[in-house]
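Summary of the model geometry
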Amino acid sequence: PMTWLASYPRSGNTLLRAILKQCFGLSSQSVYHDAEFTDPELIAAIGHEAVGDDPNSFLARARADGRRLYVKTHELPPARHLPVIYVVRDGRSATVSHLHYLREVLGHQVTFADVLAGRMGPLWSTHVRAWALEPRANRLVVRYEKLAAGDEESLRAISDFIGVPVAKPFEIGRASCRERV
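I will try to describe carefully the structure that is included in this document. Everything quoted here is computed from the prediction, not taken from an experiment.

Quick look at the overall build of the protein now. On a plain count of helices and strands, the protein comes out with eight helices and seven strands. Taking 16 Å as the expected radius of gyration for a compact globule of 181 residues, we find that the protein reaches 16 Å, a close match to that expectation. The C-alpha extent of the protein, read off along each of the three principal axes, is 45 × 40 × 40 Å. Pairs at least 24 residues apart make up 66% of the contacts formed inside the protein by residues separated by at least 6 positions.

Structure representation (structure tokens):
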């Protein structure tokens, strides 16, 4: 069984993965190449589990072990509706952050108009509509701003959705979760 961890780029996917690791003790994977993660501290903080060069072999081992996978994606949803936790961030903040990432981290020569027009991936509105607004079973939508503020209601919703109680406190900046009793 697999649960998507979906978001428009720069909308809180890494924060969600850190919460899953620190609060629930869960590792997660990514549809993107493992080389995306080179910082050992970040790998540990988000619980990134490398898939390796043979994703099919990884999936076969996970299925054989009966493991639930939590997989990061920024892509549009596939036709098969698997459970999803979708993180939505204010579109203005997300697109500006995505622009800075494309320029400063990836070195792309892009304009804000390129990002707004969807020339560097899907439009923010298209992404949100596809994952969060279209009819879909097994979906939890959480707001980045609430996660970043340590909103306990959002953390309870995640706990209820994945069926795992909060195991320990977590804190990154202002974000925190508390042990459930």
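Resuming the write-up.
Turning to the pattern of salt bridges, a few remarks are in order. In total, this model carries four salt bridges according to the counting rule given. Aspartate 90 is the partner of arginine 92 in a salt bridge, and the nearest nitrogen-oxygen pair spans 2.6 Å. Judged by relative accessible area, arginine 92 falls into the exposed class, the value being 64%. The partner of arginine 143 in a salt bridge is glutamate 145, and the shortest N-O contact between them spans 3.1 Å.

The two faces of strand β5 (residues 139–143) differ: Leu140 and Val142 on one face are buried, but Arg139, Val141 and Arg143 on the other face are not. Bridging between strand β4 (residues 84–88) and β5 involves five bridges; their strand directions are parallel. Considered in β5, the bridge of tyrosine 86 is made with valine 141.

Okay, the nonpolar core next. Nonpolar side chains in soluble globular proteins tend to be buried together. Met2, Trp4, Leu69, Val84, Tyr86 and Trp131 are the most contacted members of the largest nonpolar core, which totals 21 residues. Mapped onto this core, the elements with two or more residues apiece are β1 (2–7), α3 (55–65), β3 (69–73), β4, α4 (91–105) and α6 (124–133). When near neighbours in sequence (up to four residues on either side) are disregarded, tryptophan 131 contacts Trp4, Ala6, Thr73, Glu75, Leu76, Pro77, Pro78, Val84, Tyr86, Arg136 and Arg139. Grouped together as the second largest cluster of nonpolar side chains are 19 residues, Cys23, Tyr70, Val87 and Ile162 included.

Another aspect to go through is the environment of arginine 63. For arginine 63, the location among the structural elements is in helix α3. Separated by 73 residues in sequence, arginine 63 and arginine 136 place their C-alpha atoms 24 Å apart.

With that out of the way, let us pick up a nonpolar patch on the surface. Among the surface-exposed residues, Val96, Phe112 and Leu116 lie close enough to one another that they form a single nonpolar patch of about 230 Å² accessible area. Among the structural elements, leucine 116 can be located in helix α5 (residues 112–116). The class for leucine 116 is partly exposed, based on a relative accessible area of 46%.

How each quantity is defined
- Residues numbered from 1 in each chain as written.
- Predicted model: local features only at pLDDT ≥ 70, side-chain atom pairs only at ≥ 80, totals over all residues.
- Heavy atoms only, no water.
- Helix = DSSP H or I, 4+ residues; strand = E, 2+ residues; numbered from the N terminus.
- Rg over C-alpha atoms; globule rule 2.2 N^0.38 Å.
- Contact = heavy atoms within 4.5 Å.
- Salt bridge = Lys/Arg side-chain N within 4 Å of Asp/Glu carboxyl O.
- Buried < 20%, exposed > 50% of the residue type's maximum accessible area, 1.4 Å probe, protein only.
- Pairing = 2+ DSSP bridges.
- Core = buried A, V, L, I, M, F, W, Y, C linked by side-chain atoms within 4.5 Å.
- Patch = residues over 30% accessible without salt bridge, like charges linked within 9 Å, V, L, I, M, F, W, Y side chains within 5 Å.
- Areas by Shrake-Rupley, 256 points an atom, 1.4 Å probe, with all protein chains shown as cover.

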